[in-house]
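Chain residues, written in single-letter form:
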Amino acid sequence: MKVFQTLALLLLSNVFMTFAWYGHLKLQEMKVTTHWPLIGVILFSWCIAFFEYCAQVPANRIGFQENGGPFTLMQLKIIQEVITLVVFILFSTLIFKGQELHWNHLAACICLVMAVYFVFMKG
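My aim in this report is to walk through the structure given alongside it, one point at a time. Quantities reported herein were computed from a predicted structural model and do not represent experimental measurements. (Residues numbered from 1 in each chain as written. Predicted model: local features only at pLDDT ≥ 70, side-chain atom pairs only at ≥ 80, totals over all residues. Heavy atoms only, no water.)

**Brief notes about helix α2 (residues 38–63)**
Because an α-helix packs 3.6 residues into every turn, residues spaced three or four apart end up facing the same way. Stated formally: Helix numbering and strand numbering both begin at the N terminus, where a helix is a DSSP run of H or I of at least 4 residues and a strand a DSSP run of E of at least 2. Under the convention used throughout, the expected extent of a helix is 1.5 Å for every residue step, that is, one less than its residue count. Exposed residues in this analysis have more than 50% of their type's maximum accessible area, buried residues have under 20%, and partly exposed residues fall in between, with area computed by a 1.4 Å probe over protein chains only. In what follows, a contact means two residues having at least one pair of non-hydrogen atoms within 4.5 Å.
Between the first and last C-alpha of α2 there are 36 Å, a value that for 26 residues agrees with the 38 Å anticipated at 1.5 Å per step. Turning to α2, its buried residues are V41, S45, I48, A49, E52, A55, Q56, A59 and G63. Against α1 (2–29) and α3 (73–95) lie the buried residues of α2.

**Notes on the packing of α1 against α2**
Let me state the cut-off plainly: Note on definitions: angles span 0 to 180 degrees between N-to-C directions of axes, and those axes are lines fitted to C-alpha atoms, for helices only across the stretch in contact. Throughout, the term roughly parallel applies to angles under 35 degrees, roughly antiparallel to angles over 145, roughly perpendicular to angles from 65 to 115, and oblique to all others. Crossings are assigned a handedness: left-handed for a near helix turned anticlockwise from the far helix by less than a right angle, right-handed for a clockwise turn. Three residue categories are used. Nonpolar comprises Ala, Val, Leu, Ile, Met, Phe, Trp, Tyr, Cys and Pro, charged comprises Asp, Glu, Lys and Arg, and polar comprises the others, including Gly.
With their axes 8 Å apart at the nearest point, α1 and α2 run at an angle of 165° to one another. On the basis of the axis angle, α1 is roughly antiparallel to α2. In this structure, the crossing between α1 and α2 has a hand that is left-handed. A breakdown of the residues in the contact of α1 with α2 according to their chemical character gives 17 nonpolar, eight polar and two charged.

**Describing the pattern of salt bridges**
Operational definition: The term salt bridge refers to a side-chain nitrogen of Lys or Arg lying within 4 Å of a carboxyl oxygen of Asp or Glu.
As enumerated under the stated definition, the model contains two salt bridges in all. For K77, the salt bridge goes to E81, with nearest N and O atoms at 2.8 Å. One end of the pair, K77, and the other, E81, are both in helix α3, four residues apart, so they sit about a helical turn from each other.

**Brief notes about the nonpolar core**
Operational definition: The definition of a nonpolar core used throughout is a set of buried Ala, Val, Leu, Ile, Met, Phe, Trp, Tyr and Cys residues joined through side-chain atoms within 4.5 Å.
Counting residues in hydrophobic clusters, the biggest one holds seven residues: L10, A59, F71, L76, I79, I83 and V87. It is α3 that provides the largest number of residues to this core, a total of four residues. Beyond its immediate sequence surroundings of up to four residues, L10 is in contact with Q56, A59, N60, I79, Q80 and I83.

**A few points about the environment of E29**
Worth spelling out the cut-off: Whenever a nitrogen or oxygen atom comes within 3.5 Å of another N or O atom, the pair is scored as a polar contact, on the condition that within protein one atom can donate a hydrogen and the other can accept it, and that pairs from neighbouring residues in sequence are kept only if both atoms are in side chains.
You can see E29 is positioned in helix α1. What makes E29 partly exposed here is its relative accessible area of 47%. Taking the C-alpha atoms as reference points, E29 and F96, 67 residues apart in sequence, are found 9.3 Å from one another. Within the local environment of E29, its side chain forms a polar contact with the side chain of K26, the two groups lying 2.6 Å apart.

**As for a nonpolar patch on the surface**
Selection rule: Two joining distances apply to patches: 9 Å for like charges and 5 Å for nonpolar side chains (Val, Leu, Ile, Met, Phe, Trp, Tyr), and every residue must have over 30% relative accessible area and no salt bridge. Accessible areas in this description were obtained via Shrake-Rupley with a 1.4 Å probe; residue shielding takes into account the shown protein chains only.
Taken together, the side chains of L38, I39, I42, L43 and W46 present a nonpolar region at the surface, about 550 Å² in accessible area. Relative to the assigned elements, L43 resides in helix α2.

**Re the environment of C54**
Within the secondary structure, C54 is located in helix α2. When its relative accessible area of 40% is taken as the criterion, C54 is described as partly exposed. Spatially, the C-alpha atoms of C54 and L12 are 9.5 Å apart, while their sequence positions differ by 42 residues.

**Description of unusual backbone geometry**
For K31, which is not glycine, the phi torsion reads 70° and is therefore positive. Among the secondary structure elements, K31 is positioned in the loop between α1 and α2. What makes K31 exposed here is its relative accessible area of 64%.

So, in structure tokens, the structure goes:
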């Protein structure tokens, strides 16, 4: 159960993180934030990032082995990076039309998936 909770919270946190980091670019493209001062855009992103932390911190606490979870610290980080990449790919290709996925992007994804494999190997 802790595996599912951790992964679900990591996924949720990464959705918020992606919107906090890149959503303002879409809002600018849509002419919503075009005339906002930079500090306004930063504060808007921080408000979204608050919800990212509300999912990320519990995910790490639930998932961390020393708290009774199934993952080492290194495993948590690698899992988070892969989830970040998947969420970002979906976000950038679905929300930002014209952003294409090329062979080198796929090669990078394969390397990250291999990183997950290696981080779960017994050392």
